[in-house]
2 protein chains.
Amino acid sequence: MNRFKITELGNEVFWLRDSERDHLVRVLRLKPGDLVVGFDNTGMEYTSVIQKIEDNSVTCRILSTDHPDVEAHSSVYLVAGLSKGEKMEWVIQKGTELGMEGLIPLRTKRSVMHIEGSKAQDRVVRWQKIASEAAKQSHRVQEPKIYAVCDWRDLAEQLSPDTQWLIPYEEELTQRLASVLERMVSERPIAILIGPEGGFDQTEVALAQEKLGAKSVSLGPRILRTETAALATLTMVLAHFGDLG
Amino acid sequence: MNRFKITELGNEVFWLRDSERDHLVRVLRLKPGDLVVGFDNTGMEYTSVIQKIEDNSVTCRILSTDHPDVEAHSSVYLVAGLSKGEKMEWVIQKGTELGMEGLIPLRTKRSVMHIEGSKAQDRVVRWQKIASEAAKQSHRVQEPKIYAVCDWRDLAEQLSPDTQWLIPYEEELTQRLASVLERMVSERPIAILIGPEGGFDQTEVALAQEKLGAKSVSLGPRILRTETAALATLTMVLAHFGDLG
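Residues numbered from 1 in each chain as written. Chains lettered and ligands numbered in written order. Predicted model: local features only at pLDDT ≥ 70, side-chain atom pairs only at ≥ 80, totals over all residues. Heavy atoms only, no water.

(A) Summary view of the overall build of chain A. The helix and strand tally for chain A stands at seven helices and 12 strands. Each of the three principal axes of chain A carries a C-alpha extent, and together these read 60 × 40 × 30 Å. Burial statistics for chain A: of 245 residues in total, 55% are counted as buried. Here the contacts in chain A between residues at least 6 apart in sequence split such that 71% fall between residues at least 24 apart. For chain A, the accessible surface area stands at approximately 11,100 Å², while carbon and sulfur atoms represent 46% of it. The centroid of the 30 positive side-chain charges in chain A is displaced by 4 Å from the centroid of its 36 negative side-chain charges. (Helix = DSSP H or I, 4+ residues; strand = E, 2+ residues; numbered from the N terminus. Buried < 20%, exposed > 50% of the residue type's maximum accessible area, 1.4 Å probe, protein only. Contact = heavy atoms within 4.5 Å. Areas by Shrake-Rupley, 256 points an atom, 1.4 Å probe, with all protein chains shown as cover. Lys, Arg positive; Asp, Glu negative; His and termini not counted. Charge placed at Lys NZ, Arg CZ, Asp CG, Glu CD.)

(B) Focus on the relation of the copies chain A and chain B. With an RMSD of 0.0 Å, the fit of chain A onto chain B corresponds to turning through 180° and sliding 0.0 Å along the axis. Such a turn and shift between the copies fits a two-fold axis. Most of the interface of chain A is mirrored in chain B, where 100% of its interface residues are also at the interface. (Least-squares fit on C-alpha atoms with pLDDT ≥ 70 in both.)

(C) The arrangement of the interface of chain A and chain B in detail. Taken together, the contacts link 37 residues of chain A with 37 residues of chain B. For the chain A and chain B pair, buried surface summed over both sides reaches about 3,000 Å², with 53% attributable to carbon and sulfur atoms. On the chain A side of the interface with chain B, the three residues burying the most area are Arg222(A), Arg225(A) and Gly245(A), jointly 26% of the side's total. At the surface where chain A touches chain B, the tally comes to four salt bridges. Here Glu97(B) and Arg225(A) are joined by a salt bridge, their closest N and O atoms 3.0 Å apart. At the boundary of chain A and chain B, one finds 24 residue pairs in polar contact (both at pLDDT 80 or more). Residue assignment for the side of chain A that touches chain B shows that the elements contributing at least two residues are helix H2 (85-98), helix H3 (117-137), helix H5 (177-181) and helix H7 (226-240) of chain A. Split by residue class, the side of chain A that touches chain B holds 15 nonpolar, 11 polar and 11 charged. (Buried area = accessible area lost by both parts, 1.4 Å probe. Salt bridge = Lys/Arg side-chain N within 4 Å of Asp/Glu carboxyl O. Polar contact = N/O pair within 3.5 Å; in protein donor to acceptor, adjacent residues only side chain to side chain. Nonpolar A, V, L, I, M, F, W, Y, C, P; charged D, E, K, R; others polar.)

Structure follows, in structure tokens:
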């Protein structure tokens, strides 16, 4: 059944407008009587029948309401150093499928991509769309939030103060991720800091350790590309807390 | 230091020919006196100095020989249902970085990509090249082997008879990967069967269970794309055996 993000939720009914309406009508060519699933980012899922298709909206009558156990119970965020377009998009799409709670794009010293102002905002809109599509595809009921592009000085305030920060770092040779995870708890958010293509600068790692209390960790002896490191770490954290595999 | 696959190993010296020689000379424009690292897929690594550049070969004098502990100790293979070009390439590149031992491309019922004969051979050559490049990039000393495109009936004989087969399957609702891994041992090879875009057909899962003794496993409640499932499972298996994170 096709999945749609609800624009407005009423009593036993919901409406789809704008791009959700257009996708249903023009791309999928669904008709009144067809079944669809709606979700509203509260964790609920509404199995529904299309009642009426109008120029500006689609009205769906709710047949059943569920609270599927599909979301991760731990809240794991990726903080991704800005890297080339395709890599960010891949991480956002795959990170959403795996179960990340949100992603914060971070300006870093070695970021090759430099985006500011409205260009940065446009990019975030595009990334949010990728996350939303991936959330539907993976049957999630909560879209991960893609945050505004952020600098180091504003990073701490983006997430709750009890966040547990992890920073995979090539030059960390002794502390392995697995052992650090043993000392983390699933009740508090976890944020994984991942460098851009060239990795974090040493001063950035020191900053993360001092200001955020981030634990630097080794992922093992093989050098991973930024996007591989992001998704592998996310996978291992979610798996550790029983939210994957 | 740039890394090269050794064409011929001599006594305190090695030679690079063909594409390795061309890459060193034309792309990287290295000169006699520059330092390079050579590897020969035996697990050894040779730090060396370029001695002589000729039209058909580069001669490198070995300064030191190492056996770095960079390869995974467990042997984990991916068996990937043929999927669209970009996905296969991504899985091969990322799987190599993570530490897979090899990849077997498998023709499946729902594979959209159909390749036979010389076209299939050419594709494997291309995939092997991607694996070789990724092995260098991640500082591995053993390139994963990309096998010839294979059918179900020939699959068992590709790997050792004591291989432990895993098959992530959407309709497996009770048996989680984590619990199955508890009963596997790192001394025997592990092969992860991953369906193409549309997933495995039910008869294929039954075949894998009967003929290979494959354990079907759930990766959790979220639906993963084929390439995400492949890399997430590989990550979790390697992490379980202490070979990642």
